[in-house]
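Summary of the model geometry
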Amino acid sequence: MRPGTVVSLILRPRTDDKRWTAVQSSAPVFVLASGWQLDTGGTAHASLRCAGTRSGTSDVTALAKAPDVAGAPGVAFTLHVTVVPYTTKG
């Protein structure tokens, strides 16, 4: 991804008894996850925004858990994002 890029992340409803709970970035300075929204049908939405001038990597994780089970949600998947800056010289 290039700095300044905004990507919409759409998580379809799960087929097991788990529900999406959150999206987190391991390095918000490079990729910031925001705009978390969970629809009544089980679809979830989030925006991923890359830093304006920095480059680096971040792991964006989507968490899910069964609503009637106590405990912390588990990682359902991980998206590895690399931010590559635009070249400044020809």
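From a predicted model like this one, the values you see are computed outputs, not experimental measurements.

What counts, and where the lines are drawn
Residues numbered from 1 in each chain as written. Predicted model: local features only at pLDDT ≥ 70, side-chain atom pairs only at ≥ 80, totals over all residues. Heavy atoms only, no water. Helix = DSSP H or I, 4+ residues; strand = E, 2+ residues; numbered from the N terminus. Buried < 20%, exposed > 50% of the residue type's maximum accessible area, 1.4 Å probe, protein only. Contact = heavy atoms within 4.5 Å. Pairing = 2+ DSSP bridges. Axes fitted to C-alpha atoms, helices over the stretch in contact; angles between N-to-C directions. Salt bridge = Lys/Arg side-chain N within 4 Å of Asp/Glu carboxyl O.

**Quick word on the environment of V75**
- Looking at where V75 falls in the secondary structure, it is placed in strand β6 (residues 74-83).
- Here V75 falls in the exposed class, since its relative accessible area comes to 53%.
- Each C-alpha atom of the pair V75 and L63 lies 4.6 Å from the other, and the pair is 12 residues apart in sequence.
- Once residues lying within four places of it in the same chain are set aside, the contact partners of V75 are T61, A62 and L63.

**Regarding the sheet that holds strand β5 (residues 56-65)**
- Pairing in this open sheet of three strands is antiparallel, and the strands run β2-β5-β6 from one edge to the other. At either margin of the open sheet sits one strand with a lone partner, and together these are β2 (19-25) and β6. Here the average twist between neighbouring strands, direction ignored, is 20°.
- As paired elements, β2 and β5 share six bridges and run antiparallel to each other. Bridge pairing links A22 to L63 in β5.

**Here's the deal with the pairing of β5**
- Of all 10 residues that make up β5, seven are buried, and the element is covered over most of its length.
- Taken together, the nine bridges between β5 and β6 define a ladder with antiparallel strand orientation. Each bridged residue has a counterpart across the sheet, and for A64 the counterpart in β6 is G74.

**Re the environment of V23**
- Of note, V23 is situated in strand β2.
- The class of V23 is buried, set by a relative accessible area of 14%.

**Considerations on the pattern of salt bridges**
- Counting across every chain of the model gives one salt bridge.
- Note that R14 is salt-bridged to D16, the shortest N-O span being 2.7 Å.

**Here we look at the sheet that holds strand β3 (residues 31-38)**
- Read from one edge of the open sheet, three strands run β1-β4-β3, paired in antiparallel fashion. In this open sheet, the two strands that pair with only one neighbour each are β1 (6-11) and β3. Across this sheet, the average inter-strand angle for adjacent strands is 20°, counted without regard to direction.
- When β1 meets strand β4 (residues 44-50), the two strands line up antiparallel, connected through six bridges. Its bridge partner being in β4, L11 is matched across the sheet by A44.

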